[in-house]
Amino acid sequence: MSKELVSIIDVPKHLGQEVTIGAWVANKSGKGKLAFLQLRDGTAYFQAVAFKPNLIEKYGEELGLEKFDTIKHLSQETSVYVTGIVKEDERSKFGYELDVTDLEVIGESVDYPITPKEHGTDFLMDHRHLWLRSRRQMAIMQIRNAIIYASADFFDKNGFIKFDSPILSGNAAENTTELFETDYFGNPAFLSQSGQLYLEAGAMALGRVYDFGPVFRAEKSKTRRHLTEFWMMDAEYPFLSHDQSLDLQEAYVKALIQGVLERAPQALEILERDVTLLEKYIKEPFKRISYDDAITLLQEHEGEEGADYEHLEHGDDFGSPHETWISNYFGVPTFIVNYPASFKAFYMKPVPGNPERVLCADLLAPEGYGEIIGGSERETDYDKLLEKIKENGLNPDDYAFYLDLRKYGSVPHCGFGLGLERMVTFVSGTKHIREAIPFPRMLHRIKP
Ligand code: 4AD
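Residues numbered from 1 in each chain as written. Predicted model: local features only at pLDDT ≥ 70, side-chain atom pairs only at ≥ 80, totals over all residues. Heavy atoms only, no water.

Student: How should I be thinking about the sheet that holds strand 8 (residues 181-184) in this particular structure?
Tutor: Paired through backbone hydrogen bonds, the strands of a sheet run either parallel or antiparallel to each other. Spatially, 7-9-8 is the arrangement adopted by the three strands of the open sheet, whose pairing is antiparallel. In this open sheet, the two strands that pair with only one neighbour each are strand 7 (168-169) and strand 8. Two elements, strand 8 and strand 9 (residues 187-191), share four bridges in a ladder whose sense is antiparallel. Looking at strand 9, one finds that threonine 182 is bridged to alanine 189. (Pairing = 2+ DSSP bridges. Helix = DSSP H or I, 4+ residues; strand = E, 2+ residues; numbered from the N terminus.)

Student: Mind showing me how you'd approach the side chain of glutamate 236 here?
Tutor: Relative to the helices and strands, glutamate 236 resides in strand 11 (residues 229-238). A polar atom in the side chain of glutamate 236 sits 2.8 Å from the side chain of arginine 378. Those residues in contact with glutamate 236 that lie beyond four places of it in its chain are Phe160, Gln196, Leu199, Glu200, Ala203, Gly207, Arg208, Val209, Arg378, His413, Cys414 and Gly415. (Polar contact = N/O pair within 3.5 Å; in protein donor to acceptor, adjacent residues only side chain to side chain. Contact = heavy atoms within 4.5 Å.)

Student: What is the right way to look at the layout of surface pockets in this model?
Tutor: Over the atoms rolls a probe the size of a water molecule, and in doing so it shows where empty space is left. Empty space within the second largest pocket amounts to approximately 700 Å³. Around the second largest pocket, the lining is made up of 25 residues, and of these Ile114, Thr115, Pro116, Ser134 and Arg135 lie nearest the centre. Partitioning the lining of the second largest pocket into residue classes produces eight nonpolar, seven polar and 10 charged. Shared between two domains, the lining of the second largest pocket takes at least three residues from each, and those domains are domain 1 (8-107) and domain 2 (128-436). (1 Å grid on protein atoms, 1.4 Å probe; cavity = no way out; pocket = protein on both sides within 12 Å on 5 of 7 lines; lining within 4 Å. Points joined across faces, edges and corners; volume = space filled by probe spheres on them. Nonpolar A, V, L, I, M, F, W, Y, C, P; charged D, E, K, R; others polar. Domains from an automatic or database assignment.)

Student: When you look at the environment of asparagine 395 in this model, what are you seeing that I'm missing?
Tutor: Checked against the element boundaries, asparagine 395 lands in the loop between helix 12 (382-391) and helix 13 (400-407). Each C-alpha atom, one on asparagine 395 and one on asparagine 171, is 9.0 Å from the other, the two residues being 224 residues apart in sequence. A polar contact of 3.0 Å, which involves the side chain of asparagine 395, links it to the backbone nitrogen of aspartate 397.

Student: Help me understand the side chain of arginine 144 in this model?
Tutor: The residue arginine 144 is located in helix 5 (residues 135-157) in this model. Take arginine 144: its relative accessible area is 8%, and that puts it in the buried class. A polar atom in the side chain of arginine 144 sits 2.8 Å from the side chain of glutamate 421. Excluding its chain neighbours within four sequence positions, the residues that come into contact with arginine 144 are Trp231, Leu420, Glu421, Val424, Ala436, Ile437 and Pro438. (Buried < 20%, exposed > 50% of the residue type's maximum accessible area, 1.4 Å probe, protein only.)

Student: What should I look at first to understand the nonpolar core in this one?
Tutor: In a soluble, globular protein the nonpolar side chains are often hidden away together inside. Residues Ile147, Val253, Ile257, Met423 and Val427 are the most contacted members of the largest nonpolar core, which totals 48 residues. Examining the composition of this core, we find that nine residues originate from one element, helix 5, more than from any other. Isoleucine 257 has contacts with Leu278, Tyr281, Ile282, Met423, Phe426 and Val427, leaving out every residue within four places of it along the chain. In this structure, Ile336, Phe346, Tyr399 and Leu405 belong to the second largest nonpolar core, which totals 32 residues. (Core = buried A, V, L, I, M, F, W, Y, C linked by side-chain atoms within 4.5 Å.)

Student: Even after reading the chapter, I still don't get the pattern of salt bridges, so can you show me in this structure?
Tutor: A side chain of one charge can pair with a side chain of the opposite charge when the charged atoms of the two come close. Scanning all chains against the criterion turns up 21 salt bridges. Linking aspartate 102 and lysine 67 is a salt bridge whose minimum nitrogen-to-oxygen distance equals 2.6 Å. Here lysine 67 lies in helix 2 (residues 61-72) and aspartate 102 lies in strand 5 (residues 96-107), a separation of 35 residues in the sequence. Taken individually, aspartate 102 and lysine 67 each receive the classification buried, so the pair is uniform in this respect. For the salt bridge of aspartate 362 with lysine 344, the shortest nitrogen-to-oxygen distance reads 3.0 Å. Of the two residues, aspartate 362 is situated in strand 16 (residues 360-365) and lysine 344 in the loop between strand 13 (334-337) and strand 14 (350-351); the sequence distance between them amounts to 18 residues. Assessed through its relative accessible area of 5%, aspartate 362 is described here as buried. (Salt bridge = Lys/Arg side-chain N within 4 Å of Asp/Glu carboxyl O.)

Student: Teacher, can you tell me more about the site of the ligand here?
Tutor: Close contacts around the ligand come from 23 residues, with Glu174, Gln196, Arg217, Asp234 and Glu371 the closest. Within the side chain of tyrosine 347, one N or O atom sits 3.4 Å away from a nitrogen atom of the ligand. Glutamate 371 places a polar side-chain atom, nitrogen or oxygen, 2.5 Å from an oxygen atom of the ligand. Here the ligand, which alone exposes 630 Å², has 94% of that area covered by the protein. (Near = heavy atom within 4 Å. Areas by Shrake-Rupley, 256 points an atom, 1.4 Å probe, with all protein chains shown as cover.)

Student: Explain a nonpolar patch on the surface here, please?
Tutor: On the surface, Leu168, Tyr184 and Phe185 cluster together into a nonpolar patch covering about 370 Å² of accessible area. When you line up the elements, tyrosine 184 lands in strand 8. (Patch = residues over 30% accessible without salt bridge, like charges linked within 9 Å, V, L, I, M, F, W, Y side chains within 5 Å.)

Student: Just checking my understanding: could you explain helix 10 (residues 291-301) for this structure?
Tutor: Owing to its 3.6 residues per turn, the α-helix aligns residues three or four sequence positions apart on the same side. Within helix 10, the full set of buried residues consists of Tyr291, Ala294, Ile295, Leu297, Leu298 and His301. Buried residues along helix 10 cover an arc of 160° about the axis, so they all sit on one side. Two residues or fewer after helix 10 comes glycine 303, characterised by a positive phi angle close to 85°. (Arc of directions from axis to C-beta.)

Student: Got a minute to help me understand the sheet that holds strand 4 (residues 79-88) in this structure?
Tutor: With mixed pairing, the five strands of this closed barrel are ordered in space as 1-2-3-5-4. Pairs of neighbouring strands in the sheet enclose a mean axial angle of 55°, with direction left out of account. With seven bridges joining them, strand 1 (residues 18-31) and strand 2 (residues 34-40) adopt antiparallel strand pairing. In the strand pairing of strand 2, lysine 31 is matched with leucine 34. (Axes fitted to C-alpha atoms, helices over the stretch in contact; angles between N-to-C directions.)

Student: What's the story with the pairing of strand 11 in this structure? I'm lost.
Tutor: Strand residues, when the strand is regular, have side chains that alternate between the two faces of the sheet. In terms of burial, strand 11 is largely enclosed, as eight of its 10 residues are buried. Sheet analysis places strand 10 (residues 209-216) next to strand 11, joined by eight bridges and oriented antiparallel. Directly across from glycine 213, in strand 11, lies its bridge partner methionine 232. Here strand 11 runs beside strand 18 (residues 413-419); their pairing, made up of seven bridges, is antiparallel. Looking at strand 18, one finds that aspartate 234 is bridged to glycine 417.

Shown next, in the form of structure tokens:
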């Protein structure tokens, strides 16, 4: 059999021709002289139909029957080379079908554990290495890929240079989140929580910079939005004001959504994502509201239908019910700006004239998908930064390199970090973050 293979996604380009596909049997059904194979190859799903009389006509009675029998008895996830003629078929949900002329088994699959029936989440998580083969998981991974591609494209078009931050670090980037510690030849080292501090050094050397890599947080959170290992895109840029920084972030998130609409429309369709909403988020301006105005708004609407969140005072942090209500109230991605300094990281610059609040913003995705971006304007003054480091109980020696950036030509600069998996859940409409990364690491999950 010729191994000049065609991907399933490209099959429609070969209408009327004979092609060979390398694929797995996702499902199978049959009736009398017909056998239907649902095939998948990671690019898409597709149906092949074997008709017994056609095979007998082509190969003779004995070999034709043998081939048909093999096809009829294929088990789920057997890998195959299938050859056939591409035909248009309106009844098929793919619009096309393959009229099978030959089939070769590559690898058998016996008792595949994930059958077409429903399985519990624990079972699926234990079989994540196989669960990834399902249609829904394929679609989510395609969306993840489209976001990564759109991100690199956006940064490239906007004059950013990719600047890789280290994963092993001698200090904490975020004093507000937990660190994973490891032994570094007899000294403690920490897994990066964010590349930000190193990226700031990059910004002073190269101007606009970004990184994209795994980050780690030893948070004991058992929510549908938290992973202990996730992928972050951080960006850092000199000479932009906080407002201009929000403009940039808004354009970035819109470009990511646009990238998914362009590169993975079939994945959005499989997931039944409401694309009219995604289009709306691109067209309409994002909302911006201060932390204090958001607290007042929550207080005003408390007790109304759908507003069943806990009462908050100015100075309290939002819980996820508050974030969900706020973003639903505005119906578009919403920046909450100027949070209290007390629950934000040490490096943020205070709001001029109001040292209790800092020039930061969290971007809340609508529809209850939670925070997707955290960013801020950075403190530029050496003495103020040193004071903040001490106030937070951190050791200034660990931050000597970071303080140096304020000693030698300090300039105003801002930056942000977007959690890739949060963005994937939002754009794909997936309720739980565990499906947004190939092998999720969570409080009680490190295998497979
Ligand atoms: O808001 P965070 O903590 O910001 C920082 O780390 C800054 N240093 C970024 C910067 O300014 N360069 O995290 C940024 C984003 C959050 O908005 C969220 O999307 C995601 O990272 N995130 C998580 N995603 C999954 N699991 C977790 N445990 C996450 N914690 C944060």
